[in-house]
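Residue strings, one per chain:
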Amino acid sequence: MHRLPTLLLISMLVMGIWGCKKSDGPTPSEDPQDEETLLRDSTYFYSILFSLWTNQLPQPEGRGDDLDLQAYTGKFKDAEEVLVDLRKYANEDRFSFVDRAGKVSEEIQEGVYEETGVIPIYLSSDGSDNGDLYIKLVQRGSPAERAGLKRGMRVLSLNGDTQLDYLTDQQQSLRNFYAFFSGETLELIVQQPGAETTETITVTGSAYYLNPVIDARVIDLDGHKVGYFAYTSFLNVWDSHGNPNAYHEYLLALFRDFEKQQIDELVVDLRYNGGGATNAAELMASLIVPVANGQDRMYTYKVNQYLEEAGFTDVSKSGAPFVPVHFQKPNALDLSRVYFLATQSSASASELVINVLKPYMDVELITTNRQGTFGKPVGFFGYPVVNGYADLYITSFQMLNSAGFGDYFSGLMGQKNDAQDGFLQQLGDPDESMLAEALHHIQQGSYRTYNGAKSSNRSTLRNTLRGIRTPETHPHRNNMYRFGGDVAPNLSKSR
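**Quick word on the pairing of strand 10 (residues 224-231)**
Among the eight residues that make up strand 10, six are buried, leaving the element largely enclosed by the rest of the structure. Looking at chain direction, strand 9 (residues 213-221) and strand 10 are connected through eight bridges and run antiparallel. Bridging from a neighbouring strand, Asp-215 pairs with Ala-230 of strand 10. Hairpin remark: strand 9 followed by strand 10, antiparallel, with two residues in the connecting loop; positive phi at Asp-222, about 45°. Both strand 10 and strand 11 (residues 265-269) contribute to a ladder of five bridges, which runs parallel. When the bridges of strand 11 are listed, Phe-229 appears paired with Val-268.

**Here's the deal with the sheet that holds strand 19 (residues 390-393)**
The sheet built from three strands is open, its strands ordered 1-19-18 with antiparallel pairing. Edge strands, defined here as strands with exactly one partner in the open sheet, are strand 1 (97-99) and strand 18 (382-385). Sheet twist, expressed as the mean angle between neighbouring strand axes with direction ignored, is 35°. Across four bridges, strand 18 lies against strand 19 in antiparallel orientation.

**Examining the nonpolar core**
Residues Phe-229, Phe-255, Leu-266, Ile-288, Phe-340 and Leu-357 are the most contacted members of the largest nonpolar core, which totals 91 residues. Considering each element in turn, this core owes the most residues, eight residues, to helix 2 (residues 35-50). Beyond its immediate sequence surroundings of up to four residues, Phe-229 is in contact with Asp-215, Ala-216, Leu-251, Leu-254, Phe-255, Phe-258, Leu-266, Val-267, Val-268, Asp-269 and Met-284. The next biggest cluster of nonpolar side chains, apart from the first, holds 24 residues, and it includes Ile-121, Leu-221, Tyr-339 and Leu-427.

**Looking at the sheet that holds strand 14 (residues 325-326)**
Strand pairing in a sheet relies on backbone hydrogen bonds, with the paired strands running either antiparallel or parallel. If you walk across this open sheet you meet the four strands as 14-13-20-17, and the pairing is antiparallel. Each edge of the open sheet carries a strand with a single partner, namely strand 14 and strand 17 (378-379). Relative to strand 14, strand 13 (residues 297-302) runs antiparallel, the two being bridged by two bridges. Looking at the pairing, Arg-297 lines up with His-326 of strand 14.

**Re the confidence of the model for the protein chain**
Averaged over all residues, the pLDDT of the protein chain is 86; the fraction at 70 or higher stands at 82%. When the criterion is pLDDT under 50, residues 17-23 qualifies, and its contacts beyond four places in sequence or with other chains add up to 27 contacts. Below pLDDT 50 for its whole length, residues 483-495 participates in 45 contacts with residues either more than four positions away or in separate chains.

How each quantity is defined
- Residues numbered from 1 in each chain as written.
- Predicted model: local features only at pLDDT ≥ 70, side-chain atom pairs only at ≥ 80, totals over all residues.
- Heavy atoms only, no water.
- Buried < 20%, exposed > 50% of the residue type's maximum accessible area, 1.4 Å probe, protein only.
- Helix = DSSP H or I, 4+ residues; strand = E, 2+ residues; numbered from the N terminus.
- Pairing = 2+ DSSP bridges.
- Axes fitted to C-alpha atoms, helices over the stretch in contact; angles between N-to-C directions.
- Core = buried A, V, L, I, M, F, W, Y, C linked by side-chain atoms within 4.5 Å.
- Contact = heavy atoms within 4.5 Å.
- pLDDT = per-residue confidence, 0-100.

What follows is the structure, encoded as structure tokens:
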């Protein structure tokens, strides 16, 4: 096997991305039956070009314009199988995927979700591998919120099915779990925490604009003013013309209010935030960073040799997409410490915000179950192939903070890492377990021990509830995307 000639690759990259022309990748024919074959070939071809781990991948046979891609791809059914096999060589790449339905553009770029807005969870109260069905989160602005569903409700019946335990649902491919992510009409019988009565709620999955700020408040705490907000997704904060959009204004307005109320502590709840657009993470980090560091370096990129040789990290090249990023602080909030609440569902752009602030301020991270965050210090851009048949998201860059740290593939571990998610209480409730840990540290300068947790009528059950691991529902979530006005025009199909 031979490696692709470097000069050919650089020419393809410059023409295909910076020059806004079609690349020299696999060329579609007029036969629509060839689309999947071409997608398999394109997935392999652009993995070689873009992958952060290109040196570890099997190289195509042939040279120049005579590359035999199908010598490798011919044994696979589809593009997804190609990516699965490539992971055998680059096993840290748990993230690359094919977007056939344009979901990334709809959700991360435009904020449009199509589902009920419920994130369900199976919770065990006896330590076993079986559990009951609960509502973990209700997205703001969703059909579920409008229908009256709330976090902490137990689902006793779903369209007449009352056998809703995890092991039963697992035997039927988690049919009831996945129903919340569909367009079906669901008739639910639910029960509030601690209630003896039940209520019937009907909800239908449909398109809605997500508001990622689930809860925001200022908590008066023995002389401290503590700002708190829960944020569920890093949606793109720039419109297609490079101007600030509504999601940009949400964050600015939130921090203006924190400033107006003169908070002296801040708690950022990212426990269910799987990531999103890097420009949203950059805005949040800039809003939080101390004033003295408001223009300092935020992070740098690591890319493969092909992107580097093409000038993508060259600060002297206008429009180079992977040059160092600096804070651009737009506000006067000046804190020396920030608390983050996180779980293994906190990924990617969430982890980026935490990591880039560490060199500049006291970052207190609170995680659960003696585990850290998800572990994704890498990201990608969308690349349309086969005349728009699909978009490829090949893991292409790693982000390092100003201290040079970015190797957290196993996640970021909290100083307090045995916190418990208070599944039965609303986010923002000062008595909710994870937020209470931060408030205790603000008051006492130390974290609570497990046995020191506050007791209440609900605490005994709350402290025994354990989430049972279930599969990701969308392959494009828990990911970090390079979007925004400072990116080369063709790096994303929605630009």
